[in-house]
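Residue strings, one per chain:
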Amino acid sequence: MSKACITPVFQRQMEQMSNIKNLIFDNDAMGELPPLTRLLFAGLWIMVDDKGRMEDNPRKIKKVIMGFDDVSAGQVDEMLQSLHDRRFIVRYSTNGSNYIQVNNFSKYRNPQLYRRCSKIPAPEFQ
């Protein structure tokens, strides 16, 4: 029997996804969000880098996370704004580029999984 071949990208995504703690979903503010917004938040964890940062590109995020759902990039933008308004993420701009920081990412992330420095600048408040 041959072993399954797991790509490094898939391995990294699974490591990140496995570190979403139930504390996030036991949060009252998270519970007030619609189900697709909660799914979007969970999906962000597989897209962010090792510091919890990523490019803020609703169209790309829609394609990766909501690909099979009847959701527009504009709706994803609104969901991201809802997550920002409730402080689950921070949407910020640096040098003309837009980014997202998942708040408390390192708190819920297993420290031994940190491998790389982020190429995305941190929000100014950090």
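The structure we're discussing is the one just above.
Residues numbered from 1 in each chain as written. Predicted model: local features only at pLDDT ≥ 70, side-chain atom pairs only at ≥ 80, totals over all residues. Heavy atoms only, no water.

Observations regarding the overall build of the chain
So, point 1. Along the backbone of the chain there are seven helices and three strands.
So, point 2. Seen in sequence order, the chain has helices and strands lined up from the N terminus as α-α-α-α-β-α-α-β-β-α.
So, point 3. Counting across all 126 residues of the chain, residues that qualify as buried make up 40%.
So, point 4. Split by element, the accessible area of the chain, about 8,100 Å² in all, is 51% carbon and sulfur. (Helix = DSSP H or I, 4+ residues; strand = E, 2+ residues; numbered from the N terminus. Buried < 20%, exposed > 50% of the residue type's maximum accessible area, 1.4 Å probe, protein only. Areas by Shrake-Rupley, 256 points an atom, 1.4 Å probe, with all protein chains shown as cover.)

Considering the sheet that holds strand E1 (residues 53–55)
So, point 1. Read from one edge of the open sheet, three strands run E1-E3-E2, paired in antiparallel fashion. Every interior strand has two partners, whereas the edge strands, E1 and strand E2 (89–94), have only one. Adjacent strand axes in the sheet meet at a mean angle of 30°, parallel and antiparallel pairs treated alike.
So, point 2. Sitting on the sheet, helix H6 (residues 73–85) touches E2 and strand E3 (97–102), and the angle it makes with E2 is about 105°. (Pairing = 2+ DSSP bridges. Axes fitted to C-alpha atoms, helices over the stretch in contact; angles between N-to-C directions. Contact = heavy atoms within 4.5 Å.)

Topic: the environment of Leu-80
So, point 1. Its location among the elements puts Leu-80 in helix H6.
So, point 2. In sequence terms Leu-80 and Leu-40 are 40 residues apart; their C-alpha atoms lie 8.1 Å from each other.
So, point 3. Sequence-distant contacts of Leu-80, defined by excluding residues within four places in its chain, comprise Leu-40, Leu-44, Asp-56, Pro-58, Ile-61, Ile-89, Arg-91 and Ile-100.

Remarks on the layout of surface pockets
So, point 1. Taken as a whole, the second largest pocket holds about 180 Å³ of empty space.
So, point 2. Lining the second largest pocket are Met-47, Val-48, Asp-49, Arg-53, Met-54, Glu-55, Lys-60, Tyr-99 and Ile-120.
So, point 3. It is E1 that provides the largest number of residues to the lining of the second largest pocket, a total of three residues.
So, point 4. When its residues are assigned to classes, the lining of the second largest pocket shows five nonpolar, no polar and four charged. (1 Å grid on protein atoms, 1.4 Å probe; cavity = no way out; pocket = protein on both sides within 12 Å on 5 of 7 lines; lining within 4 Å. Points joined across faces, edges and corners; volume = space filled by probe spheres on them. Nonpolar A, V, L, I, M, F, W, Y, C, P; charged D, E, K, R; others polar.)

Digging into the pairing of E2
Regular strands show a simple pattern: their side chains alternate between the two faces of the sheet.
So, point 1. For E2, the tally of buried residues reaches five of six residues, placing the bulk of the element in the interior.
So, point 2. Across six bridges, E2 lies against E3 in antiparallel orientation. In the sheet register, Tyr-92 faces E3, and the bridge partner there is Tyr-99.
So, point 3. Here E2 folds back onto E3 in antiparallel fashion, the turn holding two residues, of which Asn-95 has a positive phi close to 50°.

A word on helix H5 (residues 58–65)
So, point 1. Pro-58, Ile-61, Lys-62 and Ile-65 are the residues of H5 that are buried. An end-on view of H5 places all buried positions within 100° of arc, on one side of the element. Residues of H5 that are exposed and point more than 90 degrees away from the buried face comprise Arg-59 and Lys-63.
So, point 2. Turning to H5, the residues buried within the fold contact helix H4 (35–47), E1, H6, E2 and E3. (Arc of directions from axis to C-beta.)

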